[in-house]
Amino acid sequence: MAYGPHTPADREAMLAALGITSVEPLFADIPTPVRADGLALPEPEPELQLAARLEGLAGRNRVDLASFLGAGVYRHYVPAAVDQILLRGEFYTAYTPYQPEVSQGTLQTIYEYQSLLAELTGLDVVSASHYDGAAATAEAALMAIRATRRRRVLVSRAVHRHYVETTRTYFAAAELALEELPTTADGTTDLAALADALADAERPVAAVLLGQPNAFGLLEPMAEAAELAHAAGALFVAVVEPVSLAVLAPPGSYGADIASGEGQPLGIAPQYGGPYLGVLACREALVRQIPGRLVGRTTDLEGKRAFVMTLRAREQDIRRERAASNICTNQALCALAATVYVACLGPHGLRDVGALGAARARELERALAAAGAPRLHRAPYLNEFAVQVPGAVRVHAALLEHGVLAGLPLARWYPDDPQLREALLVCATEVTTTAEIERFAAALAAVRDGAAAADRTGSVAAAGSPASVTTARGGS
Amino acid sequence: MDVPEGLRYTDDHEWLRIEGDTGTVGITAYAAEQLGDIVFVELPEPGTALSEGKTFGVVESVKAVSDLFAPVGGEVSELNLALQAHPELVNSDPYGEGWMIRLRLADAGQAEGLKDAAAYRELIKAG
Amino acid sequence: MSGAAAGSPRSHDVASLGPRSAVGPQLQPTLDELSRPGRGGGKIPHPPADALAGIPASALRDAPLALPELNEPEVVRHFVDLSRLNYSVDGGFYPLGSCTMKFNPKINEWAARLPGFAQLHPLAPDALAQGTLQLLWELEGLLAEISGMRAVTLQPAAGAHGELTGILMVRAYHEARGDHERREVLVPDSAHGTNPATASMAGFTTVEVPSAPDGGVDLDAFRAALGPRTAAVMLTNPSTLGLFEGRVVELLEAVHEAGALAYMDGANLNAILGKFRPGATGFDVMHINVHKTFSTPHGGGGPGAGPVGVGEKLLPFLPSPRVLREDDGTFRLERPGERPTSIGRVRAYQGSSGVFVRAFAYIRAHGGSGLVEVSEDAVLAANYLKSRIAGAYAIPYERPCKHEFVASAGPLHEATGVRTLDIAKRLIDKGFHPPTIYFPHIVDECLLIEPTETESLETLDAFAEALLEIAAEARREPELVTSAPHTAPVRRLDEATAARQPDLHWRAMSGAESPCPT
């Protein structure tokens with residue numbers, strides 16, 4: 001067996017100690033009619049061949065394009081030290097720190113994570129982690145429902161689509177109401193519509209959720225929205241991107257009661273969807289409503305400072321059917337990555353990441369506008385924005401042939417919106433280069449010219465290239 | 001184990017002290033010891049109407065959680081607010097400073113159905 | 001050391017070196033205490049001064065960011081020092097029952113970090129993601145064969161998340177049939193706490209059914225509880241006591257007769273690979289903890305992953321998007337709205353692909369025959385270990401166990417006053433991680449011990465000896481045990497104060513931000 005230690009003699013010794021000659025009697029309690037006879041799976045693969053198989057699969061992915069795709073998951077430079085620490089077996093092969101005497105390493109790093117995120121969010125209580133930004137946002141909404149004993153939640157249409165869909169899935173179970181707020185022409189949440197929705201005294205609102213930046217990359221009027229929510233007795237939830245909080249106002253400063261978001265930008269690779277880091281934070285008054293593990297500082301018998309999981313009675317292993325959530329496994333190693341990442345960058349480095357991304361995005365805005373793709377919305381943005389591109393889905397596909405991943409066609413998220421259907425959501429970060437931006441702009445101009453020419457000749461042929469990336473049908 | 005005379009007891013390990021039409025409720029020393037270090041007590045709003053046997057709150061220790069049941073019916077007239085900052089009073093003085101709620105009794109006669117100290121001692125002896 | 005240890009002379013030699021140190025001795029300052037204004041830098045180029053000029057001041061942070069300032073060598077040393085305070089599978093035997101702390105193969109870590117896997121954006125067009133899509137599609141097939149299920153979704157991020165996904169599908173199934181009265185989920189009293197918590201989260205009421213005296217389900221009690229209000233029964237098999245549920249066939253019949261569905265908690269799948277395929281037996285839905293059975297690292301509490309397998313009945317309700325294979329051999333994600341019966345998304349993207357690279361590698365390294373051997377060795381090791389400690393600890397269920405077993409320190413406690421918690425802490429002094437304690441709740445003073453298939457006979461013997469020694473110490477010198485651990489960097493902790501006055505983050509940071517080094 002690949003990793004097993006037992007020699008035939010070892011097995012015989014153990015069997016002999018049990019007074020049997022094969023393992024068969026140990027499985028005799030599985031009734032014969034349901035007893036399986038092995039598995040129809042491939043043969044064991046030696047490490048050499050397995051390594052080649054895995055390299056082959058990894059090589060079939062294309063990660064060499066100039067990418068302007070963000071939409072909730074962002075490329076950042078991750079200092080080499082981060083992964084060196086993550087590869088320490090003492091961290092990644094440990095279990096949940098239920099035995100604090102031999103888990104102070106994990107416990108202290110979680111406490112440090114909670115502290116760093118408390119500073120970034122301006123909120124006092126930070127959960128030790130959730131699955132991802134979507135799950136954390138759904139939990140934030142459920143938390144507000146428990147805290148207010150109300151059953152209706154308002155979410156801006158400009159909160160990440162997948163977070164809204166996930167929250168809807170969670171809500172369907174308990175028959176809770178999730179209503180979407182429209183956006184105005186400038187791309188931010190319509191506060192008049194929010195005020196109207198809050199005014200319905202028959203159906204009191206538990207929470208109002210807005211993204212900062214929102215799903216179009218735009219900055220929302222958070223303080224005003226929070227004030228409206230509070231005036232109606234609702235909690236205000238800010239759905240945030242933690243790296244942006246190095247430059248943007250922290251949720252605690254504009255009255256957010258809860259903040260949720262995706263921690264992936266804090267030193268975690270995109271990995272086609274996970275594992276990621278669900279960030280969930282709240283004001284101190286809500287500490288008993290927050291789901292997930294919390295680590296607190298305390299002392300041992302001799303008065304030495306030490307760390308321990310605390311407020312455990314909220315959790316499923318103790319409270320069972322009355323637990324705040326069923327969450328058990330979390331994303332501790334991803335929280336460690338975030339902690340090491342922030343420690344490596346420090347306050348200046350993290351702010352530079354945020355500000356440099358903003359500068360690159362302005363460079364991108366100018367280049368795309370010059371190439372005929374101006375911004376769609378007027379509201380200010382940080383490092384991501386939508387641009388108008390007629391035939392956006394087709395242009396996006398054609399740009400792949402030029403080695404450019406031109407962000408996200410918003411048609412994918414808002415298929416029924418005539419404006420958004422003809423727009424691309426593009427982002428830049430500190431890793432975006434001027435050369436990449438120039439390549440994008442040039443390719444965009446070429447594709448548009450090509451399309452115009454094709455229209456004139458009545459042809460529908462897309463730009464082709466020997467290094468074609470459209471090997472699969474159905475690429476979106 | 002301390003089981004004072006003069007109180008009435010439930011099978012769920014709450015005690016009830018009747019003074020006029022007021023009943024004071026807490027958990028027994030036995031219950032507090034079984035739970036261990038109490039870290040949080042959740043109590044109802046004053047004015048809440050409770051029927052006999054209804055859950056009125058939750059007590060949490062480091063590693064356990066337990067519902068609190070009304071020994072008799074009545075309206076919550078007073079809470080022990082000291083427990084918010086000092087839940088450990090339930091461990092240190094369960095029949096005194098660790099009391100939890102006062103009830104305006106609906107029917108003092110309901111207490112007749114509860115155990116006296118001797119019967120409660122038998123209950124905890126039986127485990 | 002006892003000569004009864006069957007044929008492992010090497011363990012004597014190793015024992016003469018003394019116990020392995022569980023963890024390093026030195027507690028560490030926190031990052032804020034190490035911070036010195038002006039340290040660090042050199043990672044990111046400085047942005048132009050007007051980088052944020054387009055953003056209204058009201059949206060910007062107005063106070064300096066109070067984060068620690070450290071240089072890289074200090075950062076590295078800090079986390080290396082902290083890592084030494086952890087017990088880990090790489091460092092020693094970690095027999096946590098129900099958690100399956102087996103060895104985490106190193107090639108899996110290497111593979112997950114290959115740039116093609118690691119740098120792929122979750123919203124990348126399918127054409128750019130063929131390698132990962134193929135891996136996910138193949139892994140679904142491997143897990144379907146192992147579980148006997150018709151199809152598998154890889155979306156759920158953890159076991160509990162898989163439970164929620166599964167129970168939401170159960171709910172959708174009954175709703176689609178117009179069967180709106182099924183509001184109850186039955187779980188045995190030995191179940192993981194996640195089972196009842198999941199039922200609540202999905203809007204169901206939990207009905208707890210007591211176990212039979214032999215540790216199995218009480219069939220009569222289940223039959224009595226089943227009815228037109230039952231949506232599902234959640235069963236862990238092997239159970240949390242490490243026992244195979246022999247009445248599984250009768251139970252499944254009763255569940256289906258009542259019109260309910262059968263959910264299998266696959267937390268203990270590692271005991272029955274190739275021996276029992278739940279889907280082939282009649283279970284309608286199950287989750288699989290790849291961080292238990294398929295060796296993906298526990299990471300100090302996560303990430304894990306909790307794929308869910310379903311039978312025919314729940315197929316339409318699988319969360320979206322699924323991974324599909326086209327006739328031309330290419331792969332793609334399901335498009336939005338393509339399968340309207342789906343329960344929808346349960347997370348932001350299609351799954352924790354980084355975890356699945358590791359699980360895939362583990363399964364392919366073992367192949368079918370190797371996985372069967374995994375279960376056989378895990379079960380053999382557990383039964384052997386049980387036989388080694390049976391004299392000193394009570395074994396409440398005598399029949400053969402699967403991959404883990406329950407022992408009880410109940411009699412020892414009565415005789416000596418030493419409790420299971422004390423034994424657990426004393427094991428730390430002897431260089432071992434304690435087993436799971438006080439779970440399942442239905443056994444008094446319980447230890448749940450799981451050796452896994454990757455621990456050698458020498459290790460099993462050394463652990464058994466340690467438990468026997470502790471039992472002897474409890475009779476001879478109980479305070480030595482009740483005051484343990486003595487060698488760990490901290491003694492027992494004041495958990496009550498931690499919960500009464502929670503201190504969840506550092507307060508005034510000693511090194512608030514220094515002027516920007518431009």
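Residues numbered from 1 in each chain as written. Chains lettered and ligands numbered in written order. Predicted model: local features only at pLDDT ≥ 70, side-chain atom pairs only at ≥ 80, totals over all residues.

Undergrad: Give a description of the overall build of chain A that names residues and reports values.
TA: Along its length, chain A carries 13 helices and 14 strands. Dimensions of chain A, computed from C-alpha atoms along their principal axes, come out at roughly 85 × 60 × 50 Å. Here chain A, with 476 residues, has 62% of them falling under the buried criterion. Restricting the contact set of chain A to residue pairs at least 6 apart, pairs at least 24 apart contribute 72%. (Helix = DSSP H or I, 4+ residues; strand = E, 2+ residues; numbered from the N terminus. Buried ≥ 20, exposed ≤ 12 C-beta atoms within 10 Å, placed from the backbone. Contact = placed C-beta atoms within 7 Å.)

Undergrad: Before we move on, could you go through the sheet that holds strand 11 (residues 436-437) of chain C and cite the residues and values that matter?
TA: What links the strands of a sheet is backbone hydrogen bonding, and the strands pair in either a parallel or an antiparallel sense. Residue and element names in this part refer to chain C. Pairing within the open sheet is antiparallel, and its three strands lie in the order 10-12-11. The open sheet has two edge strands with one neighbour each: strand 10 (405-408) and strand 11. Examined bridge by bridge, strand 11 and strand 12 (residues 446-449) share two bridges and lie antiparallel to one another. Looking at strand 12, one finds that Ile437 is bridged to Leu447. (Pairing = 2+ DSSP bridges.)

Undergrad: Which residues make up the environment of Val443(C), and what values do they have?
TA: Relative to the helices and strands, Val443(C) resides in the loop between strand 11 and strand 12. Note on Val443(C): 23 C-beta atoms within 10 Å, which makes it buried.

Undergrad: Explain the interface of chain A and chain C residue by residue, including any values.
TA: Contacts between chain A and chain C engage 180 residues on the former and 189 residues on the latter. Here the side of chain A that touches chain C gets 22 residues from one element, more than from any other, and that element is helix 11 (residues 332-370) of chain A. Its residues placed into classes, the side of chain A that touches chain C shows 98 nonpolar, 45 polar and 37 charged. (Nonpolar A, V, L, I, M, F, W, Y, C, P; charged D, E, K, R; others polar.)

Undergrad: Break down the interface of chain B and chain A for me, citing the residues and quoting the values.
TA: Counting residues at the interface gives five residues for chain B, matched by four residues for chain A. For the side of chain B that touches chain A, the class distribution of residues is three nonpolar, no polar and two charged.

Undergrad: Account for helix 6 (residues 133-148) of chain A, naming residues and giving values.
TA: Residue and element names in this part refer to chain A. Taking 1.5 Å as the rise per residue, helix 6 with 16 residues should run 22 Å; its terminal C-alpha atoms sit 23 Å apart, in good agreement. With 13 of 16 residues buried, helix 6 is to be regarded as a mostly interior element. Count one or two residues on from helix 6 and you reach Arg149, which has phi positive near 55°. (Expected span 1.5 Å × (residues − 1).)

Undergrad: For the packing of helix 13 (residues 353-389) of chain C against helix 16 (residues 457-476) of chain C, give the residues involved together with the corresponding values.
TA: Angle between the axes and distance between the axes: these two values describe a pair of packed helices. Residues and elements named next belong to chain C. Here helix 13 crosses helix 16 at 30°, and the two axes come no closer than 9 Å. The orientation of helix 13 with respect to helix 16, classified from their angle, is roughly parallel. Where helix 13 crosses over helix 16, the handedness of that crossing is right-handed. Between helix 13 and helix 16, the contacting residues are Ala381, Tyr384, Leu385, Arg388 and Ile389 on the first element and Leu460, Ala464, Leu467 and Leu468 on the second. (Axes fitted to C-alpha atoms, helices over the stretch in contact; angles between N-to-C directions. Parallel < 35°, antiparallel > 145°, perpendicular 65-115°, else oblique. Left-handed = near helix turned anticlockwise from the far one by under 90°.)

Undergrad: Account for the sheet that holds strand 13 (residues 408-409) of chain A, with residues named and values stated.
TA: Residues and elements named next belong to chain A. On the basis of which strands lie adjacent, the open sheet formed by three strands has the order 11-14-13 and antiparallel pairing. Only two strands of the sheet have a single neighbouring strand rather than two, namely strand 11 (384-388) and strand 13. Taken together, the five bridges between strand 11 and strand 14 (residues 423-427) define a ladder with antiparallel strand orientation. Paired with Gln388 across the bridge in strand 14 is Ala423. Sheet strands in contact with helix 11 are strand 11 and strand 14, and its direction is about 5° off that of strand 11.

Undergrad: I'd like a description of the nonpolar core, backed by residues and values.
TA: Residue and element names in this part refer to chain A. Residues Val208 and Val237 are the most contacted members of the largest nonpolar core, which totals 369 residues. Considering each element in turn, this core owes the most residues, 22 residues, to helix 11. Once residues within four sequence positions are removed from consideration, Val208 is found in contact with Leu154, Leu194, Ala225, Ala229, Ala234, Phe236 and Val237. (Core = buried A, V, L, I, M, F, W, Y, C linked by C-beta atoms within 7 Å.)

Undergrad: Can you tell me about unusual backbone geometry, naming the residues and giving the values?
TA: Residues and elements named next belong to chain C. In this chain, Gly302 is followed by Pro303 through a cis amide linkage whose omega measures 0°. Along the chain, Pro303 turns up in the loop between helix 12 (290-293) and strand 7 (308-310). Despite not being glycine, Ser98 has its phi angle at roughly 75°, a positive value. Its identity as a non-glycine residue notwithstanding, Glu445 has a phi of 45°, on the positive side. With respect to the helices and strands, Glu445 occurs in the loop between strand 11 and strand 12. Judged by the 21 C-beta atoms lying within 10 Å of it, Glu445 is buried.

Undergrad: Explain the confidence of the model for chain C to me, using residue names and the numbers behind them.
TA: Averaged over all residues, the pLDDT of chain C equals 93, while 94% of them reach at least 70. Interface confidence in the predicted complex, given as ipTM, is 0.95; pTM for the same model is 0.94. (pLDDT = per-residue confidence, 0-100.)

Undergrad: Explain the packing of helix 6 (residues 130-147) of chain C against helix 13 of chain C to me, using residue names and the numbers behind them.
TA: All names here are of chain C. Between helix 6 and helix 13, the least distance of the axes is 10 Å, while the angle of their chain directions is 55°. It follows that helix 6 is oblique to helix 13 by the angle criterion. In terms of crossing hand, the pair formed by helix 6 and helix 13 is left-handed. Taken together, the residues of helix 13 that come into contact with helix 6 (itself represented by Thr132, Leu135, Leu136, Leu139 and Leu142) are Ser353, Phe356, Val357, Ala359, Phe360 and Ile363.

Undergrad: Break down the environment of Tyr414(A) for me, citing the residues and quoting the values.
TA: All names here are of chain A. Residue placement: Tyr414 occurs in the loop between strand 13 and strand 14. Tyr414 sits 253 residues away from Arg161 along the chain, and the two C-alpha atoms are 8.7 Å apart. Beyond its immediate chain neighbours, meaning those up to four positions away, Tyr414 contacts Leu420 and Arg421.

Undergrad: Go over the pairing of strand 5 (residues 205-212) of chain A, please, and point to the residues and values.
TA: Residues and elements named next belong to chain A. With eight of eight residues buried, strand 5 lies mostly within the body of the structure. For strand 3 (residues 152-156) and strand 5, the ladder comprises four bridges, and the chain directions are parallel. Looking across to strand 5, one finds that Arg152 is bridged to Val205. Bridge analysis of strand 5 against strand 6 (residues 235-240) gives six bridges, and the strand direction is parallel.

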